Amino acid sequence: MSPDLTAGFTSEAYITQAAAGPITLSRVTYGAIAADEIVIETAATAICATDLKAAAGKFLCGPPLILGHESAGVVLAVGSAVHNLAPGDRVVLSYSSCGACGECAGGAPAYCRELLALNMRGCRKDGTLAARVSESGMPVGGHFFGQSSLGRRIVARASCAVRLPAGGDEGELRVLAALGCGIQTGAGAVFNVARPPPGSSVCIFGAGSVGLAACLAARLASPARLVVVDNSAAKLAMLPACVRDAATHLVDPSALAGAGGDGEFVEKLKGLTPGGRGFDFVLDCVGSGDLVRVGHLALKSRGTIIAVGGSQDMALQVPMRDHLTKGITFRGTHQGDSVPAVSIPFMIDLWRQGKFPFDQLLTFYDFDQFHQAVQDMKDGKVIKPVLVNNNKDT
């Protein structure tokens, strides 16, 4: 007889117990799940820079915490209030939303009024923690982005899960695990926010997974210019063919000669656009106030700059005279304004048609190779590392 997983279970997960402390693969014990939660056996979990920020205590929540917020797997058990999912369902996990507030009801769950409580506190809404370290008994947060999915078996809020159609294999689930945050954010910033018409000029700052997903999405709009900017020559050199085919130009600002400052950088960028007039859309996928300022200056009249990345201490300094006289639109976005139940199936459909080859951004590692994967990401050797759960818990 199979154990009742709703009553609790133990599993391996990557945890951090103190800010800037080591990230360890540890045995954790989950208690009984809440009525709105589910138990998932992960197929794979992608690693995001936000995981590392949280581990270092530089995010809205911090240690002690089970990391991970981009995953896919199979539902093993559901709480008593979960009626839209069942054991055996294949799911991709994204952020959590309440589903009841005005923003959720209005089709904007990325701006859910409970967003911080459900995703960025690392605990349940009532403040309780889902798990404890098995060896020491220390309580540990298990609701990072509603899921804390860097584990073999995990507990997640049901609202994080997007159910996939029946069929498909384990290999496909491993690829789809990367869709729930960074790639969704970059693509959504284009599909939902910018919505560039054909013939537009688009500039993207940042050649990480967010920026490159935005590049792949923007290509589908048939832009006249599609420029990707990153100050790492090594990163630009390793870009996969799908990005090189999509971008009309790759720019490394660190290679600019002279001491022209922002002016030289701006003129270099504007010179890539038709008539040197500037861009219709600039997307900052790095989270840099300096880049926002440069992007603002590189826009044509009535252009739009979109802040896709950010940090708590990011300062914005844009020239207000140009902002007014050029009619610039400055727009922020969370998760690319994506509705996961819509955006994830949409991206999967594009991927299956060969129109959105995000899988070329992924590099796969065994589940116990977390530290190697992180080091490779820091060294610029890979774009989006994904840990594969080859040894399932029983």
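Everything that follows concerns the structure shown earlier in this document.
Small disclaimer: the values here were computed from a predicted structure and weren't measured.

Peer 1: Can you break down the overall build of the protein chain residue by residue, with the values?
Peer 2: When helices and strands are counted, the protein chain shows 13 helices and 18 strands. For 394 residues, the compact-globule estimate of 2.2 N^0.38 gives 21 Å, and the C-alpha radius of gyration of the protein chain, at 21 Å, lies within 12% of that figure. Taken over the C-alpha atoms alone, the protein chain extends approximately 70 × 40 × 35 Å along its principal axes. For the protein chain, the proportion of its 394 residues judged to be buried stands at 56%. Expressed as a percentage of contacts within the protein chain between residues at least 6 apart in sequence, the contacts between residues at least 24 apart total 68%. Of the roughly 15,700 Å² of accessible surface on the protein chain, a fraction of 51% belongs to carbon and sulfur atoms. Once the 34 positive and 34 negative side-chain charges of the protein chain are each reduced to a mean point, those two points are 5 Å apart.

Peer 1: Could you give an account of the packing of aromatic side chains, with specific residues and numbers?
Peer 2: One pass over the full model with this rule turns up eleven aromatic pairs. An angle of 55 degrees between the planes, with centres 5.7 Å apart, marks the rings of Trp-351 and Phe-358 as tilted. By relative accessible area, Phe-358 is classed as buried at 0%. Three or more aromatic residues link up through ring pairs in this structure, and these residues are Phe-191, Phe-346, Trp-351, Phe-356 and Phe-358.

Peer 1: Describe the nonpolar core, naming the residues involved and giving the relevant values.
Peer 2: The biggest cluster of nonpolar side chains holds 54 residues, and the ones touching the most others in it are Ile-183, Leu-283, Phe-356 and Phe-358. The leading source of residues in this core is helix 6 (residues 209–219), at eight residues. Beyond its immediate chain neighbours, meaning those up to four positions away, Phe-356 contacts Ile-183, Ala-187, Ala-213, Leu-216, Ala-217, Met-347, Leu-350 and Trp-351. Among the nonpolar cores identified, the runner-up in size contains 29 residues, and Leu-67, Phe-145, Tyr-365 and Val-374 belong to it.

Peer 1: Describe in detail the packing of helix 5 (residues 182–194) against helix 6, supporting the description with residues and values.
Peer 2: Running from N to C, helix 5 and helix 6 point in directions that differ by 40 degrees, and their axes come no closer than 7 Å. Between helix 5 and helix 6, the crossing angle belongs to the class labelled oblique. Considering the relative orientation of helix 5 and helix 6, their crossing is right-handed. Residue-level inspection shows Gly-182, Ile-183, Thr-185, Gly-186, Ala-187, Val-190 and Phe-191 of helix 5 in contact with helix 6, the latter providing Ser-209, Val-210, Ala-213, Ala-214, Ala-217 and Ala-218. Taken together, the residues that form the contact of helix 5 with helix 6 break down as nine nonpolar, four polar and no charged.

Reading the values: the criteria
- For every chain, the first residue of the written sequence is number 1, and numbering continues from 1 along that sequence.
- This being a predicted model, a pLDDT of at least 70 is required before a residue's local features are given, and a value of 80 or more before pairs of side-chain atoms are given or counted; all residues contribute to the totals for chains, interfaces and linings.
- The side-chain numbers reported here are obtained from all heavy atoms of the structure, hydrogens and water having been left aside.
- Each helix is a run of DSSP H or I of at least 4 residues and each strand a run of E of at least 2, with the numbering of both proceeding from the N terminus.
- C-alpha atoms define the radius of gyration in this analysis, and the globule rule sets the expected value at 2.2 Å times the number of residues to the power 0.38.
- The cut-offs for exposure are 20% and 50% of the maximum accessible area for each residue type, with area from a 1.4 Å probe on protein chains only; residues under the lower value are buried, those over the upper are exposed, and the others partly exposed.
- Whether two residues touch is decided by their heavy atoms; if any such pair falls within 4.5 Å, the residues are in contact.
- Areas reported as accessible are Shrake-Rupley estimates using a 1.4 Å probe. Residue values count occlusion only from the protein chains shown.
- When charges are counted, neither His nor the chain ends are considered; positive counts come from Lys and Arg and negative counts from Asp and Glu.
- Here the site of a charge means NZ on Lys, CZ on Arg, CG on Asp, or CD on Glu.
- Pairing of aromatic side chains requires ring centres within 6.5 Å, counting the rings of Phe and Tyr and the six-membered ring of Trp. Pairs whose planes differ by under 30 degrees are stacked, by over 60 edge-to-face, and all others tilted.
- Only buried residues count toward a nonpolar core, which is a set of Ala, Val, Leu, Ile, Met, Phe, Trp, Tyr and Cys residues joined through side-chain atoms within 4.5 Å.
- Between N-to-C directions, angles cover 0 to 180 degrees, with each direction set by a line fitted to C-alpha atoms, over the stretch in contact for helices.
- For classification purposes, angles smaller than 35 degrees are called roughly parallel, those larger than 145 roughly antiparallel, those between 65 and 115 roughly perpendicular, and all remaining angles oblique.
- With the far helix as reference, a near helix turned anticlockwise by less than a right angle produces a left-handed crossing, and one turned clockwise produces a right-handed crossing.
- Just so you know the grouping, Ala, Val, Leu, Ile, Met, Phe, Trp, Tyr, Cys and Pro go in nonpolar, Asp, Glu, Lys and Arg go in charged, and all remaining residues, Gly too, go in polar.

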